[in-house]
Amino acid sequence: MQTPHRLTPVAVGRPWGGGRFGTVEGERVGELWLTGDDARLDDGRSLAESGLAGDVPLVKLLDVGGLLSVQVHPDDGLARAMYGPGSVGKHEMWVVLEAVDDAQLYLGLAPGAGVDALYSGDAETVRSAMRRLQPRRGEAIDVPPGTVHAPGPGLVLYEVMQRSDITFRIFDWGRPRPLHVDESRRALRPRAVPEPIEAAGGVGRWTLSDAAAPFRVERMRVAGDPVVLAADVPMVVSVVEGEPELGRSGGEKEWPLGVEGYWPLEAGSHWLLEAGAWTVAGLGEVLVAASKS
């Protein structure tokens, strides 16, 4: 890749989808898979066809219009034990992009609650067994394997995870989808109760992902001067707000478009960058996701 590649995500319908991203086969879109295998680069290739899918974590946007299922994911060891040596678990994290005033999110067990309450089959009992949070815009939330969780309506989440789709549903609020009772009991860690990280203000650069996560997620807010963004693995850049500019480190004028050697990026766009040194300048905020090298 000689230039950054704009990513065109894949829309996935979900029963809890909020619908701001339209519909797919009559179902409201709940997820945009920014780096799914079928996501497209601006040269027409899918990410899988480019050979780069395995080099970046799975990055999604979630538009949550209803409660997700109460669910849990396995770690790498359990995934291999259950599905074979090539399997991986699912460590994930969220950055809250939007949250209505009364938005809620369930994360971990409530103080004093027992695991069995999650399997009662009664919606109010299940709710009471989970810790209820009121997420705020900009918060980062780590969700390590084994953490019971269920985001609620009124949220737009930026989600980064291992490239795994192993989800064990514990309770699904009456939806006619299969549950995974035995599997989820094996995966669940009752003491996994992570705390959200509040958004920092001002201009700067912050690591949002937990040190134990197999990926790295950063927030960058720029206001003028270029900031170097470097890695020896490909990176995914999502523009949260503003119109920042992207360039090679040093500002070399090597693109046919752009201002002063920089590629202009608009809010809501998503880009795949090759490994190396880049710069982010101008005015805006971006999220950067990459696998750990």
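Procedures and definitions
Residues numbered from 1 in each chain as written. Predicted model: local features only at pLDDT ≥ 70, side-chain atom pairs only at ≥ 80, totals over all residues. Heavy atoms only, no water. Helix = DSSP H or I, 4+ residues; strand = E, 2+ residues; numbered from the N terminus. Buried < 20%, exposed > 50% of the residue type's maximum accessible area, 1.4 Å probe, protein only. Contact = heavy atoms within 4.5 Å. Areas by Shrake-Rupley, 256 points an atom, 1.4 Å probe, with all protein chains shown as cover. Lys, Arg positive; Asp, Glu negative; His and termini not counted. Charge placed at Lys NZ, Arg CZ, Asp CG, Glu CD. Phe/Tyr/Trp six-rings, centres within 6.5 Å; stacked < 30°, edge-to-face > 60°. Lys NZ or Arg CZ within 6 Å of the ring centre and 35° of its normal. 1 Å grid on protein atoms, 1.4 Å probe; cavity = no way out; pocket = protein on both sides within 12 Å on 5 of 7 lines; lining within 4 Å. Points joined across faces, edges and corners; volume = space filled by probe spheres on them. Pairing = 2+ DSSP bridges. pLDDT = per-residue confidence, 0-100. Salt bridge = Lys/Arg side-chain N within 4 Å of Asp/Glu carboxyl O. Polar contact = N/O pair within 3.5 Å; in protein donor to acceptor, adjacent residues only side chain to side chain.

K.L.:
Give me the overall build of the chain: which residues, what numbers.
P.N.:
Secondary structure summary: the chain contains four helices and 20 strands in total. For the chain, with 293 residues in total, the buried portion stands at 52%. Within the chain, counting contacts between residues at least 6 apart in sequence, those at least 24 apart form 74% of the total. On the chain, roughly 12600 Å² of surface is accessible, and the fraction owed to carbon and sulfur atoms is 49%. When the 29 positive and 41 negative side-chain charges of the chain are each reduced to one mean point, those points stand 4 Å apart.

K.L.:
Please provide a residue-by-residue account of the packing of aromatic side chains, values included.
P.N.:
Under the defined criterion, the tally for this structure stands at two aromatic pairs. Here Phe171 and Trp173 contribute two aromatic rings whose centre-to-centre distance is 5.0 Å and whose plane-to-plane angle is 85 degrees, an arrangement assigned as edge-to-face. Of the residues examined, Phe171 reaches a relative accessible area of 10% and is grouped as buried. Relative accessible area serves as the criterion here: at 19%, Trp173 is assigned to the buried category. A centroid spacing of 6.1 Å and a plane angle of 75 degrees characterise the contact between Trp263 and Trp271, whose relative ring orientation is edge-to-face. For the pair formed by Trp263 and Trp271, the shared burial category is buried. Against the face of Tyr119 rests Arg185, its NZ or CZ located 4.1 Å from the ring centre.

K.L.:
Just give me the short version of the layout of surface pockets, but keep the residues and values in it.
P.N.:
Here the largest pocket defines a volume of roughly 290 Å³. Arg14, Glu31, Gln71, Lys90 and Thr167 are, among the 19 residues lining the largest pocket, the residues nearest its centre. Looking at the lining of the largest pocket, the elements that each hand over two or more residues are β5 (58–64), β7 (92–99) and β12 (155–161). Of the pockets and cavities examined, the second largest pocket occupies roughly 230 Å³.

K.L.:
How would you explain the pairing of β7 if you had to name every residue and give the values?
P.N.:
In terms of residue burial, β7 counts as a mostly covered element, since six of its eight residues are buried. Pairing between β7 and strand β10 (residues 140–143): four bridges, direction antiparallel. Opposite Trp94, over in β10, you have Ile141 as the bridge partner.

K.L.:
Just give me the short version of the confidence of the model for the chain, but keep the residues and values in it.
P.N.:
Scored by pLDDT, the chain comes out at a mean of 93, with 95% of its residues at no less than 70. Segment residues 251–259: pLDDT under 50, and 23 contacts once partners within four positions in sequence are set aside and those in other chains are kept.

K.L.:
How would you summarise the environment of Gly146 if you had to cite specific residues and measurements?
P.N.:
Following the sequence through the fold, Gly146 ends up in the loop between β10 and β11 (149–151). Residue Gly146 is classed as buried on the basis of its relative accessible area of 1%. Taking C-alpha positions, Gly146 is 8.5 Å from Ser184, a pair spaced 38 residues apart along the chain.

K.L.:
Just give me the short version of the pattern of salt bridges, but keep the residues and values in it.
P.N.:
A side chain with one charge can pair with a side chain of the opposite charge if their charged atoms come near. Tallied over the full model, the rule gives 20 salt bridges. The residue Arg14 makes a salt bridge to Glu31 at a minimum N-O spacing of 3.2 Å. Of this pair, Arg14 sits in the loop between β2 (10–13) and β3 (23–24) while Glu31 sits in strand β4 (residues 27–33), and the two are 17 residues apart along the sequence. On the basis of relative accessible area, Glu31 is assigned to the buried category, the value being 6%.

K.L.:
Give me the side chain of Asp142: which residues, what numbers.
P.N.:
Structurally, Asp142 is set in strand β10. Buried Asp142, no salt bridge; nearest opposite-charge side chain is Arg189, N-O distance 8.9 Å. Here the side chain of Asp142 touches His91 through a polar contact of 2.7 Å, side chain to side chain. Ignoring anything within four residues of it in the chain, the contact list for Asp142 reads His91, Glu92, Met93, Pro194 and Asp210.

K.L.:
So what's going on with unusual backbone geometry? Which residues, and what values?
P.N.:
Here the phi dihedral of Glu25 falls at roughly 50 degrees; this positive angle occurs in a residue that is not glycine. Turning to its location among the elements, Glu25 is positioned in the loop between β3 and β4. Backbone geometry at Trp173 places phi at a positive 55 degrees, although glycine is not the residue there. On the secondary structure map, Trp173 appears in the loop between β13 (168–171) and α4 (181–187).

K.L.:
Which residues make up the environment of Glu285, and what values do they have?
P.N.:
With respect to the helices, strands and loops of the structure, Glu285 is situated in strand β20 (residues 276–291). A relative accessible area of 5% means that Glu285 is categorised as buried. Each C-alpha atom of the pair Glu285 and Val203 lies 8.9 Å from the other, and the pair is 82 residues apart in sequence. Excluding residues that lie within four positions of it along the chain, Glu285 makes contacts with Arg219, Met220, Arg221, Ser238, Val239, Val240 and Glu241.

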